[in-house]
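# Structural description and commentary
As a plain string of letters, each chain reads:
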Amino acid sequence: MEKLFRLIRLVSDALTIWLLIEIFFFIVLFGIFYFLAREWIKPDSWRVRAQKAVTLFNYIASRPFLAIFFCFASTISICALYTCIIMPYPEIMDEFSNILGAYTFAEGRLTNPTHPMWHFFETFHVFHLPSYQSKFPPANALFMAFGIVTGGHPIVGVWVSFAMAVAALCWMLQALVPHKWALAGALGAAFHGRMMQEWGLEYWGGAASLLGGALLFGALARLQKKPNVGCTVLFALGLLLLANHRPFEGLITALIPTVLLIWLMFNYLQKNNFSIGPQLQVLAKFLIPGILVFGAGAYAMLYYNMAVTGSYFTLPYTFYGPQYEMATPFIFKTYEAPEYRHEIFKTYAELDYRLALSSHFTVWGLITEWLYKMWYYWRFYFSIVFTLPLIAFIVSEKNRADKICLLIVSVLLISIVVNTYAWPHYISPIAALFVYMVIRGMMNFSVFRQYMNQYIYASLKFTIIAIVILYLPLTLLAHIRQSRNSLSEKKELIEKRLKADGSKHIIMVRYSDEHDVLRDWVYNGPDLENGQVLWAREMEPPEKNKEIVSYYANRKFWLFQPDKDPDMLIPYELPLKHPE
């Protein structure tokens, strides 16, 4: 019965309304193009008309540096234009945590000191002992810190990270496919609605690993031809980006490229009979620059761990878990339930444990969860529009790069069976390879020609191109609709109202027993001593709250009850007992 229930859940989650809409949209567009092909335009003339329309595209694509710059500029322009329409606000717990890290770095610190009243400021994905900092690896927060310093807002850093990733993707593809296809693939990623939305307009990352993967694979493709100091440095930078954004998935992704790089060095020496000249060349162009760059980055990582957790070899992510969680990032391990000072943390940890781990306790559960992850990732990265090119890539004849790509992708997708959670950015280290697979599939799309007439074949190609062009605006319109009246926007309005009088304030948050644990209001910046408006949790027993009132004696205190009225603040009075 349990197996049947899980199978029903898998199918019901698969047949979402958005997938049905995409299928309907694809069929309608295909019908339109098929009608045009039959009634108005001869298929052979489509190519002529298309070639006239893409003269500028071909001009840009034929100049590698111009194409890379065009990808960066166009991507960051789209992100900025969207932000002019509606400001993206953080909503997810992970986003608030990353923003704390960003403001900490922007102020020139690796972490923040533990505050005497830290118990009142506890929040999700942030720890206070032995220091006050985000639990997440720092790559995403560093980009946002750059945005704060240069543009005054973390969203600028998000734009830059995504635009750099798209530009690096173009650079990677230029080493693997003809330049016009490289530009098309990079722009396809920029116009990929879900990538743009989650990695270019939200705060929980993905672009850093996409950038790291593109640098890694692009450098490897070039190093196969000849030793090159610049590509060796970029290879090392790619490794560091993966290690500082998705350590586990980045490690799995980097294993095969690293082994191949070592083999390339050995093979180069062997071909030259290990003579002194090639040995010096390998030393100067492979080993020394790679070791220097990666060594400096590894030292910085260890130093950061020490500053944040007090141990060189303890990652902040692993340090947070035993303090607040019951489920771990991997299914083969759990934490003992810690002592919680706030009921919301206990409720969230128990819910997370049930949802994340309970389904992994049987072989059938492992299989169905892995299938669900595959479906989820397919929906995000490929969906209907890129499935036909993916099939074309799989069934067509493969070159050496294709086989290496498939091997790396397969190893990572198999390894994530041990992951407790599944989010699209978890496998972002291989997102660049997904783009490569789609482009190679489009190049080999003629594999379908033998199974369909010329009208259907031409209609399919133009349907895919049309959907790619329409994908971005439609996704962003849906995102605009979802972003209105967000929790963060309301929070910002409350803070703006309080800051108007120039005084300092503390907002004591009181939740009802029915509160949605995924909508938490208690997030603060790095300065818990001098921040003008601070959000704090009311604690049990009621007498405990005297501590914070006494400590911040020069501040105005307010009571906020979002489950009763999310727009009202009332002066805070110490309760004799917590209201029922």
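Criteria and thresholds
Residues numbered from 1 in each chain as written. Predicted model: local features only at pLDDT ≥ 70, side-chain atom pairs only at ≥ 80, totals over all residues. Heavy atoms only, no water. Core = buried A, V, L, I, M, F, W, Y, C linked by side-chain atoms within 4.5 Å. Buried < 20%, exposed > 50% of the residue type's maximum accessible area, 1.4 Å probe, protein only. Helix = DSSP H or I, 4+ residues; strand = E, 2+ residues; numbered from the N terminus. Contact = heavy atoms within 4.5 Å. Pairing = 2+ DSSP bridges. Salt bridge = Lys/Arg side-chain N within 4 Å of Asp/Glu carboxyl O. Polar contact = N/O pair within 3.5 Å; in protein donor to acceptor, adjacent residues only side chain to side chain. Lys, Arg positive; Asp, Glu negative; His and termini not counted. Axes fitted to C-alpha atoms, helices over the stretch in contact; angles between N-to-C directions. Parallel < 35°, antiparallel > 145°, perpendicular 65-115°, else oblique. Nonpolar A, V, L, I, M, F, W, Y, C, P; charged D, E, K, R; others polar.

### Things to note about the nonpolar core
- Counting residues in hydrophobic clusters, the biggest one holds 141 residues, and the most contacted among them are Phe162, Trp199, Tyr381, Ile427, Ile430 and Trp535.
- When residues in this core are grouped by element, the largest group, 14 residues, is from helix α8 (residues 154-174).
- In contact with Trp535, not counting residues within four places along its chain, are Phe121, Lys491, Ile494, Glu495, Ile507, Val509, Trp521, Val522, Tyr523, Asn524 and Phe560.
- If you look at the next biggest cluster of nonpolar residues, it comprises 17 residues, including Leu100, Val126, Ile506 and Tyr572.

### As for the pairing of strand β4 (residues 533-537)
- Counting buried positions over the 5 residues of β4 gives 5, a clear majority of the element.
- Along β4, one buried face is formed by Val533, Trp535 and Arg537 and the opposite face, lined by Leu534 and Ala536, is buried too.
- Direction of pairing for strand β3 (residues 505-509) relative to β4: parallel, over a ladder of 5 bridges. Its bridge partner being in β4, Ile507 is matched across the sheet by Trp535.

### A word on the pattern of salt bridges
- Enumeration according to the criterion identifies 9 salt bridges in this entry.
- In this structure, Arg440 engages Asp402 in a salt bridge whose closest nitrogen and oxygen atoms are separated by 2.8 Å. Pair noted here: Arg440 is in helix α20 (residues 431-443) and Asp402 is in helix α19 (residues 400-415), with a separation of 38 residues, a long-range link.
- A salt bridge links Arg510 to Glu538; its shortest N-O distance comes to 2.7 Å. Here Arg510 is found in the loop between β3 and β4, whereas its partner Glu538 is found in the loop between β4 and α23 (546-551), with 28 residues between them in sequence. For the residue pair Arg510 and Glu538, the accessibility class agrees, reading buried in each case.

### Examining the pairing of strand β5 (residues 556-560)
- Bridge count for β3 against β5 is 5 bridges, and the pairing is parallel. Within β5, the residue paired with Val509 across the bridge is Phe560.
- In the sheet, β5 pairs with strand β6 (residues 569-571) via 3 bridges, with the strands oriented antiparallel. Bridge pairing in β6 places Leu559 opposite Ile570.

### Observations concerning the environment of Tyr340
- Topologically, Tyr340 is positioned in the loop between α15 (316-324) and α16 (343-357).
- Distance in space between the C-alpha atoms of Tyr340 and Gln323 is 8.7 Å, their sequence separation being 17 residues.
- The residues contacting Tyr340, other than those within four sequence positions of it, are Tyr324, Glu325, Met326, Phe345, Lys346 and Ala349.
- Polar contacts involving the side chain of Tyr340 include one to the main-chain carbonyl oxygen of Tyr324, which spans 2.9 Å.

### Here we look at the side chain of Glu95
- The topology assignment puts Glu95 in helix α6 (residues 93-106).
- Within the buried core, Glu95 has no salt-bridge partner, and the shortest N-O distance to an opposite charge, that of Arg519, equals 10 Å.
- From its side chain, Glu95 meets the backbone nitrogen of Tyr203 in a polar contact 2.9 Å long.
- When sequence neighbours within four positions are dropped, the list of residues in contact with Glu95 reads Pro90, Glu202, Tyr203 and Trp204.

### A few points about the packing of helix α18 (residues 387-395) against α20
- As a packed pair, α18 and α20 sit with axes 7 Å apart at the nearest point and diverge in direction by 80 degrees. By the angle between their directions, the pair α18 and α20 is classed as roughly perpendicular. Mapping the contact onto sequence places Pro389, Leu390, Ala392 and Phe393 in α18 and Tyr436, Met437, Val438, Arg440, Gly441 and Met442 in α20.
- Grouping the amino acids of the contact of α18 with α20 by side-chain chemistry returns 8 nonpolar, 1 polar and 1 charged.

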